[in-house]
Amino acid sequence: MILRETKKKDFVLNDPLYSGSILVAGKNFGCGSSREHAAWALYDYGFRAIVSSYFADIFTGNALNNGLLPVQVSDDFLKEIFNKIEKNSNAEIYINLKEQLISVVGTDLKEEFEINAYKKTCLLNGYDDIDYLISKKKAIKQFEQKHREF
């Protein structure tokens, strides 16, 4: 049996005009996605960030645990992004994780976003939970030695 990849021509993600590593999504993204497979599929497709005005908590956790950044913005900001993309399909979205800032390149449109400090550190350094612990090995050993003395 030979499997052939067939792409749905009118599916927006198959349109090269909208290619990139940031998915701009509608409100309530990830609602109902309680399994890691949703985050895996998006990451494997090539996305590294998802922008929405709301994310389901379980999706947020799964995304962050798998290297996918969920950027939650206000409803108004999301509408503005969609307006910019509609007017110019080449509009570029820029996300600065370190500064926790999202913007539309070439415009004044920008907004700050929140992220858990631990998950931010992991994403910035390419860590999973084990890598993070290994990065703290020296501090852990020092803590252990200090508390053994008592």
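All values derive from a computational prediction rather than experimental measurement.

Asks: Now, about the environment of Asp 75: what can you tell me, with residues and values included?
Replies: Within the secondary structure layout, Asp 75 lies in helix H3 (residues 75–87). Along the chain, Asp 75 and Ser 52 lie 23 residues apart, while their C-alpha atoms are 8.2 Å from each other. Within the structure, the side chain of Asp 75 is placed 2.8 Å from the side chain of Ser 53, a separation counted as a polar contact.

Asks: Break down the packing of aromatic side chains for me, with residues and values.
Replies: Across all of its chains, the model carries six aromatic pairs by this definition. Between Phe 29 and Phe 59, the aromatic rings sit 5.3 Å apart at their centres with planes inclined by 80°, giving edge-to-face as the arrangement. On the criterion of sequence distance, the pair formed by Phe 29 in the loop between strand S1 (22–24) and helix H1 (36–45) and Phe 59 in helix H2 (residues 57–65) is long-range, its members being 30 residues apart. Take Phe 59: its relative accessible area is 1%, and that puts it in the buried class. When the centroid spacing of 5.3 Å and the interplanar angle of 15° are considered together, the rings of Tyr 45 and Phe 47 count as stacked. Classification of Tyr 45 by relative accessible area gives partly exposed; the value is 44%.

Asks: Could you give an account of the sheet that holds strand S3 (residues 69–72), with specific residues and numbers?
Replies: Paired through backbone hydrogen bonds, the strands of a sheet run either parallel or antiparallel to each other. Within the open sheet, the three strands sit side by side as S1-S2-S3. Their pairing is parallel. Only two strands of the sheet have a single partner each, and these edge strands are S1 and S3. In this sheet, adjacent strand axes meet at a mean angle of 20° when their direction is disregarded. Bridge count between strand S2 (residues 49–52) and S3: four bridges; the pairing is parallel. Bridge assignment links Ile 50 to a residue of S3, and that residue is Pro 70.

Asks: Kindly report on the sheet that holds strand S6 (residues 110–112), identifying the contributing residues and their values.
Replies: Here three strands make up an open sheet; going across it, the order is S4-S5-S6 and the pairing antiparallel. The sheet is open, and its two borders are formed by strand S4 (93–96) and S6, each paired with just one other strand. Put simply, the sheet's adjacent strands are angled 15° from each other on average, direction ignored. In this fold H3 packs onto S4, strand S5 (101–104) and S6, with an angle of close to 35° to the strand it touches most, S5.

Asks: Please give an account of H2 that cites residues and values.
Replies: All buried positions along H2 are accounted for by Phe 59, Asn 62, Ala 63 and Leu 64. Buried residues along H2 sit in contact with H1, S3 and helix H4 (117–125).

Asks: I'd like a rundown of the pattern of salt bridges, residues and numbers included.
Replies: The tally for this structure, following the rule as stated, stands at three salt bridges. The closest approach of N and O atoms between Lys 27 and Asp 75, which form a salt bridge, is 3.8 Å. Of the two residues, Lys 27 is situated in the loop between S1 and H1 and Asp 75 in helix H3; the sequence distance between them amounts to 48 residues.

Asks: Mind laying out unusual backbone geometry, listing which residues take part and the relevant values?
Replies: Not every positive phi belongs to a glycine, and Asn 28 is a case in point at roughly 70°. Looking at where Asn 28 falls in the secondary structure, it is placed in the loop between S1 and H1. Positive phi is not limited to glycine here, since Gln 100 has a value of about 55°. Looking at the secondary structure, you find Gln 100 in the loop between S4 and S5.

Asks: How would you sum up the packing of H1 against H2? Please name residues and give values.
Replies: Closest axis-to-axis distance for the H1/H2 pair is 8 Å, and the angle between their directions is 50°. Considered as vectors, H1 and H2 are oriented oblique to each other. In this structure, H1 meets H2 at a crossing whose hand is right-handed. Each of Glu 36, Ala 38, Ala 39 and Leu 42 in H1 lies in contact with H2, whose residues at this interface are Phe 59, Asn 62 and Ala 63. Grouping the amino acids of the contact of H1 with H2 by side-chain chemistry returns five nonpolar, one polar and one charged.

Rules behind the numbers
- Residues numbered from 1 in each chain as written.
- Predicted model: local features only at pLDDT ≥ 70, side-chain atom pairs only at ≥ 80, totals over all residues.
- Heavy atoms only, no water.
- Helix = DSSP H or I, 4+ residues; strand = E, 2+ residues; numbered from the N terminus.
- Polar contact = N/O pair within 3.5 Å; in protein donor to acceptor, adjacent residues only side chain to side chain.
- Phe/Tyr/Trp six-rings, centres within 6.5 Å; stacked < 30°, edge-to-face > 60°.
- Buried < 20%, exposed > 50% of the residue type's maximum accessible area, 1.4 Å probe, protein only.
- Pairing = 2+ DSSP bridges.
- Axes fitted to C-alpha atoms, helices over the stretch in contact; angles between N-to-C directions.
- Contact = heavy atoms within 4.5 Å.
- Salt bridge = Lys/Arg side-chain N within 4 Å of Asp/Glu carboxyl O.
- Parallel < 35°, antiparallel > 145°, perpendicular 65-115°, else oblique.
- Left-handed = near helix turned anticlockwise from the far one by under 90°.
- Nonpolar A, V, L, I, M, F, W, Y, C, P; charged D, E, K, R; others polar.

Interpretation note: all reported values are geometric properties and have no functional meaning in isolation.
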